[in-house]
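These are the residues of each chain, in order.
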Amino acid sequence: MIVLGIETTCDETAAAVVERQANGRGRILSNLVRSQIADHAAFGGVVPEIAARAHVEVLDLMIARAMQEAEREFHQIDGVAAAAGPGLIGGVIVGLTTAKAIALVREKPLIAVNHLEAHALTARLTDGVAFPYCLFLASGGHTQIVAVRGVGDYIRLGTTLDDAIGEAFDKTAKLLGLGYPGGPRVEKEAQFGDAGRFSLPRPMAGRVDCDFSLSGLKTALRLEAEKIAPLTDEDVADLCAAFQQAVVDVVADRLRGGLRMFRDTFGAPTALVAAGGVAANQAIRKILHKLAFEAGTVLVAPPPELCTDNGAMIAWAGAERLALGLTDALDTSPRARWPLAEVSKAAERGAQDRG
Ligand code: KG4
Ligand code: ZN
């Protein structure tokens with residue numbers, strides 16, 4: 001089964017063609033991503049209107065290139081998948097409408113994919129991970145611990161009460177004048193810094209739930225920076241190192257609770273799966289390895305280019321849903337907000353269709 005996937009929920013325009021074999025294994029035939037970082041850099045963050053316009057400008061060409069690289073014609077694909085949310089609504093409309101047009105003209109099924117579900121299922125494309133597994137999803141917009149029990153069957157165990165981890169990295173970078181996107185820059189600076197020079201809080205540490213809160217950490221960092229301003233290069237490196245270490249400690253504490261909660265409710269997970277842009281951070285990957293080992297399981301972390309937003313994950317999630325007969329009508333609406341728990345699974349969809 002071959003599916004074209006389209007991603008336009010944030011600041012990456014992406015198109016990919018992925019094959020799902022009958023045995024459930026996946027193969028990426030093409031995977032093109034155009035980052036809009038340069039379009040937004042001057043504003044220190046993503047500007048929704050600029051993002052939507054930039055998607056319009058390049059998406060058609062990227063789809064054509066993705067098909068060309070995959071050496072497939074439209075009549076050879078089995079479905080068209082687009083991220084239908086959650087995300088910046090202007091961009092989501094661009095991607096979903098384009099997918100609908102292709103589906104209509106080529107008479108192919110449409111699969112309206114939840115962007116978070118696509119992150120959640122990527123480890124099955126790269127590593128064929130079996131259900132159930134514990135997902136740690138950390139991106140610019142989301143921080144969640146999720147029990148992934150099947151396609152469309154997601155139970156959220158924990159989430160952030162305020163900022164997402166990636167957002168906290170981005171805001172820290174902005175505060176320290178490191179530019180956008182912040183994650184990779186803060187990580188780079190942290191390599192040269194002394195994490196012990198500043199004492200930053202570990203919000204929520206020790207609580208029985210596994211929710212996150214990052215805004216207190218961000219404020220504490222700002223206060224430390226203000227105390228010693230103007231900042232030298234060494235100050236910036238030390239602040240980055242202290243911030244990253246605090247995040248690593250928070251992730252360790254919260255995720256340890258999440259893995260415990262998973263085991264108590266669903267039994268042993270087949271893996272701890274990392275997803276989202278933050279999982280590209282080496283210090284965070286290291287602690288995830290340790291946590292998985294402690295919990296008697298393994299860490300599965302897709303390569304960085306498949307952890308950040310891409311079209312292959314959308315195509316793959318589309319293929320997983322298509323294989324179960326989960327397709328969507330051409331009047332499906334784009335959704336700015338779309339929690340994972342509201343994604344439907346096969347049994348429910350059957351009931352909805354009958355009812
Ligand atoms: O998943 P993603 O590409 O986009 C969405 O937010 O959906 O994640 C982007 C986020 C940004 O906030 C970025 O700063 C963060 O992931 N990020 C990192 C690193 N690389 C990307 N955060 C920490 N360390 C990194 N190396
Ligand atoms: Zn994402």
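The following paragraphs examine the structure supplied in this document.

Together, Leu104, Val105 and Leu330 line one region of the surface with nonpolar side chains, adding up to about 300 Å² of accessible area. Structurally, Val105 can be placed in helix 3 (residues 89-106).

Note: α-helices contain 3.6 residues per turn, so residues at a spacing of three or four share the same orientation. For helix 7 (residues 215-228), spanning 14 residues, the distance from its first C-alpha to its last is 21 Å, which sits close to the expected 20 Å at 1.5 Å a residue. Buried within helix 7 we find Leu217, Ala220, Leu221, Glu224 and Ala225. Relative to the axis of helix 7, the buried residues are bounded by an arc of 135° and lie together on one face.

So, on to the coordination of the zinc ion (ligand 2). For the zinc ion (ligand 2), the protein coordination sphere consists of His115 (NE2), His119 (NE2) and Asp309 (OD), at 2.1 to 2.2 Å. Taken together, the four donor atoms coordinating the zinc ion (ligand 2) and their angles of 92 to 152° define a geometry best described as irregular. Between consecutive donors of the zinc ion (ligand 2), the numbers of intervening residues give the motif H-x3-H-x189-D. Separated by 194 residues along the polypeptide, His115 in helix 4 (residues 115-127) and Asp309 in the loop between helix 10 (304-307) and helix 11 (311-323) bring together distant segments of the chain.

Now for the site of ligand 1. Looking at ligand 1, there are 19 residues lining it, with Gly140, Asp170, Gly183, Glu187 and Gly277 nearest. Take Gly140: an N or O atom from its main chain is 2.7 Å from an oxygen atom of ligand 1. At a separation of 3.2 Å, an oxygen atom of ligand 1 approaches a polar side-chain atom of Asp309. Taken by itself ligand 1 offers 550 Å² of open surface, and the protein chains cover 89% of this. Contributing elements (two or more residues each) for the shell around ligand 1: helix 4, helix 5 (165-175) and helix 6 (182-190). Examining the composition of the shell around ligand 1, we find that four residues originate from one element, helix 6, more than from any other.

Our focus in this paragraph is the pairing of strand 5 (residues 110-114). Of all five residues in strand 5, five are buried; the element is thus mostly enclosed. The alternating pattern of strand 5 places Leu110, Ala112 and Asn114 on one face and Ile111 and Val113 on the opposite face, and all of these are buried. Two strands pair when backbone bridges link them, and strand 4 (residues 79-85) and strand 5 are joined in this way by five bridges, in the parallel orientation. Residue Ala81 lies in a different strand from strand 5, and its bridge partner there is Ile111.

About the criteria used
Residues numbered from 1 in each chain as written. Chains lettered and ligands numbered in written order. Predicted model: local features only at pLDDT ≥ 70, side-chain atom pairs only at ≥ 80, totals over all residues. Heavy atoms only, no water. Patch = residues over 30% accessible without salt bridge, like charges linked within 9 Å, V, L, I, M, F, W, Y side chains within 5 Å. Areas by Shrake-Rupley, 256 points an atom, 1.4 Å probe, with all protein chains shown as cover. Salt bridge = Lys/Arg side-chain N within 4 Å of Asp/Glu carboxyl O. Helix = DSSP H or I, 4+ residues; strand = E, 2+ residues; numbered from the N terminus. Expected span 1.5 Å × (residues − 1). Buried < 20%, exposed > 50% of the residue type's maximum accessible area, 1.4 Å probe, protein only. Arc of directions from axis to C-beta. Donors = N, O, S within 2.8 Å, 3.2 Å for Na, K, Ca; no water. Tetrahedral: all angles 85-135°; square planar, octahedral: opposite > 155°, others 65-115°. Near = heavy atom within 4 Å. Polar contact = N/O pair within 3.5 Å; in protein donor to acceptor, adjacent residues only side chain to side chain. Pairing = 2+ DSSP bridges.

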